[in-house]
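Structural characterization, general
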Amino acid sequence: MKIVCSSSVQYGMEAFSTLGKTVGVNGRSICSQDVRDAEILAIRSTTRVNKKLLEHSQVQFVCTATIGMDHIDTAYLDERGIKWCCAPGCNANSVAEYVSAAVLTIACRKNFSLSGKTIGVIGVGNVGSLVCRKAEALGMRILRNDPPKARQTRQIRAETVENTGNSFVDLNRVLAESDIITLHVPLTMDGLDATFALADKSFFDRMKPGSIFINTARGAVMNTEALLTAMKKGIVSDAVIDTWEGEPDFSMALLNQAAIATPHIAGYSFEGRVMGTVMIYKQTCEVFGFKSVWIPDNLLPTPAVPEIEIKTDGRPDEVVLNDIIRRVYDVESDDDRFRAFDGNKCISGHFERLRSDYPIRREFRFTRVKAENTSPTLKNKIAGLGFGIKS
């Protein structure tokens with residue numbers, strides 16, 4: 001069995017080599033000749049999978065170590081009888097940590113407390129639910145909007161006569177009442193819950209003036225010009241943009257106006273990438289009847305920051321938490337690298353280089369925090385963000 005594996009799949013060669021002859025290829029340059037005699041194709045979002053790539057191939061299974069599928073023509077695969085899978089939720093915690101870092105950064109820049117602020121979470125799946133959990137740990141009021149889940153929840157409650165604890169509100173209320181709006185929806189082009197250009201002029205016009213807007217979902221769920229207009233009007237005071245309309249091309253105007261700008265790396269924690277590989281490897285084993293034997297445990301690097309000692313010194317919680325997070329993941333460094341752009345060079349090339357050369361970023365759970373003279377409330381916030389607590 002031959003397997004073609006994108007070089008961007010973390011530990012992909014190690015995992016899939018246990019199943020057959022595995023050839024590593026740069027994901028951006030995989031072509032029809034590469035996959036002609038392959039049975040399995042393992043990729044990430046830099047590889048476009050469609051008729052042009054697979055028409056004359058022997059590929060039976062396509063697996064992407066990402067949560068999104070918009071780089072794959074699944075209709076064509078279904079038509080050809082080619083099975084496929086993705087890795088839902090693999091980088092959910094990474095994105096939630098990015099959102100926490102970004103929100104705390106802005107809170108410190110503008111000297112306000114997050115406690116009591118309202119955050120509107122649009123899309124409450126694997127990522128959104130973790131964002132809600134961390135926001136709750138920070139003392140924020142949460143408004144959840146997810147029409148498909150709202151309908152499903154009502155169905156469950158009707159059948160079981162049991163309150164599951166989930167509550168959803170309509171979009172108008174979320175937009176009108178939220179100090180922070182964060183998008184965590186998939187990109188869908190049609191249907192009852194289509195998300196393409198969800199954040200359009202009407203969306204921004206209904207937002208609470210002076211609010212923060214965050215997009216770590218997909219670039220095409222927002223309209224860039226509508227966002228820029230909303231920022232000019234003061235409806236959006238600060239924008240945190242990780243996913244860009246038309247990426248890897250991006251709007252220089254939005255880059256210049258955004259409070260935090262990054263090149264689609266919110267989900268790029270090391271653990272998120274490895275988990276994506278683990279998930280598609282296991283699904284490949286199930287599809288082909290292989291025994292799942294590979295685990296990455298012995299390959300994981302030692303955390304760069306295994307322990308942090310912190311003194312509160314009477315500082316606000318947001319300042320202390322931001323200090324802790326920056327020692328593990330400094331979102332402003334990602335922003336700085338993105339802005340260090342030579343205007344004479346290719347925009348899309350800059351975007352893709354930053355993604356392909358992204359440094360190792362470990363998740364918060366691999367760091368323990370020793371906090372002296374710290375209140376129980378602050379300790380709970382530290383733990384709620386995912387850090388270990390050292391007594």
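See the structure shown above.
Residues numbered from 1 in each chain as written. Predicted model: local features only at pLDDT ≥ 70, side-chain atom pairs only at ≥ 80, totals over all residues. Heavy atoms only, no water.

Attention now moves to the overall build of the protein chain. From N to C terminus, the protein chain includes 16 helices and 14 strands. Relative to the globule expectation of 21 Å for 391 residues, the C-alpha radius of gyration of the protein chain, 22 Å, shows essentially globular dimensions. For the C-alpha atoms alone, the extent of the protein chain along its principal axes is close to 65 × 60 × 50 Å. Here the protein chain holds 391 residues, and 50% of them are scored as buried. Here the contacts in the protein chain between residues at least 6 apart in sequence split such that 62% fall between residues at least 24 apart. As presented, the protein chain carries roughly 17500 Å² of accessible surface, and 48% of it is formed by carbon and sulfur atoms. (Helix = DSSP H or I, 4+ residues; strand = E, 2+ residues; numbered from the N terminus. Rg over C-alpha atoms; globule rule 2.2 N^0.38 Å. Buried < 20%, exposed > 50% of the residue type's maximum accessible area, 1.4 Å probe, protein only. Contact = heavy atoms within 4.5 Å. Areas by Shrake-Rupley, 256 points an atom, 1.4 Å probe, with all protein chains shown as cover.)

Here the focus is the packing of aromatic side chains. Aromatic rings in a pair are described by how distant their centres are and how their planes are angled relative to each other. Counted by the stated rule, this structure contains 16 aromatic pairs. Residues F250 and F341 carry aromatic rings whose centres are separated by 6.1 Å and whose planes lie at 70° to one another, so their mutual orientation is edge-to-face. Taken together, the residues F250 in the loop between strand 10 (236–241) and helix 11 (252–257) and F341 in the loop between helix 14 (331–339) and helix 15 (347–356) connect sequence positions 91 residues apart. What makes F250 buried here is its relative accessible area of 7%. Across the ring face of Y268, the terminal group of R273 is positioned such that the distance to the ring centre comes to 4.6 Å. The ring of Y329 is capped by R361, whose NZ or CZ atom sits 4.1 Å from the centre of that ring. (Phe/Tyr/Trp six-rings, centres within 6.5 Å; stacked < 30°, edge-to-face > 60°. Lys NZ or Arg CZ within 6 Å of the ring centre and 35° of its normal.)

Before going further, it helps to spend a moment on the pattern of salt bridges. Tallied over the full model, the rule gives 21 salt bridges. Linking K390 and E307 is a salt bridge whose minimum nitrogen-to-oxygen distance equals 3.0 Å. With a gap of 83 residues between them, K390 in the segment after strand 14 (388–389) and E307 in strand 12 (residues 307–311) connect regions that are remote in the sequence. K390 sits in the partly exposed class, given a relative accessible area of 27%. A relative accessible area of 33% means that E307 is categorised as partly exposed. A salt bridge links R337 to D334; its shortest N-O distance comes to 2.3 Å. Placement of the pair is R337 and D334 together in helix 14, with a separation of three residues, close to one helical turn. By relative accessible area, which is 36% here, R337 ends up partly exposed. (Salt bridge = Lys/Arg side-chain N within 4 Å of Asp/Glu carboxyl O.)

What follows concerns the sheet that holds strand 8 (residues 180–183). Sheets are built from strands that pair by backbone hydrogen bonding, the pairs being arranged parallel or antiparallel. Spatial ordering of the open sheet is given by 7-6-8-9-10-11, a layout of six strands whose pairing is parallel. The sheet terminates laterally at strand 7 (141–145) and strand 11 (260–261), the two strands that pair on one side only. Here helix 6 (residues 126–137) sits on the sheet in contact with strand 6 (118–122), strand 7 and strand 8, set at roughly 170° to strand 6. Most of the contacts of helix 10 (residues 224–233) go to strand 10, to which it runs at about 145°, and overall it touches strand 9 (211–215) and strand 10. (Pairing = 2+ DSSP bridges. Axes fitted to C-alpha atoms, helices over the stretch in contact; angles between N-to-C directions.)

Right, let's get into the sheet that holds strand 5 (residues 83–85). Pairing within the open sheet is parallel, and its five strands lie in the order 2-1-3-4-5. On the outer flanks of this sheet lie strand 2 (21–25) and strand 5, each paired with one strand and no other. If you compare each strand with its neighbour and ignore which way they point, the axes differ by 15° on average. Together, strand 3 (40–43), strand 4 (61–64) and strand 5 form the strand contacts of helix 12 (residues 270–288), whose direction differs from that of strand 4 by roughly 160°.

What follows deals with unusual backbone geometry. Residue P248 is bonded to the preceding E247 through a cis peptide linkage, with omega at 15°. Mapped onto the elements of the fold, P248 is located in the loop between strand 10 and helix 11. One non-glycine residue, Y11, lies in positive phi territory at about 60°. For Y11, the position within the fold is in the loop between strand 1 (2–6) and helix 1 (12–16). A relative accessible area of 13% means that Y11 is categorised as buried. For N111, which is not glycine, the phi dihedral falls at a positive 60°.

By themselves, these figures tell us nothing about what the structure is for.
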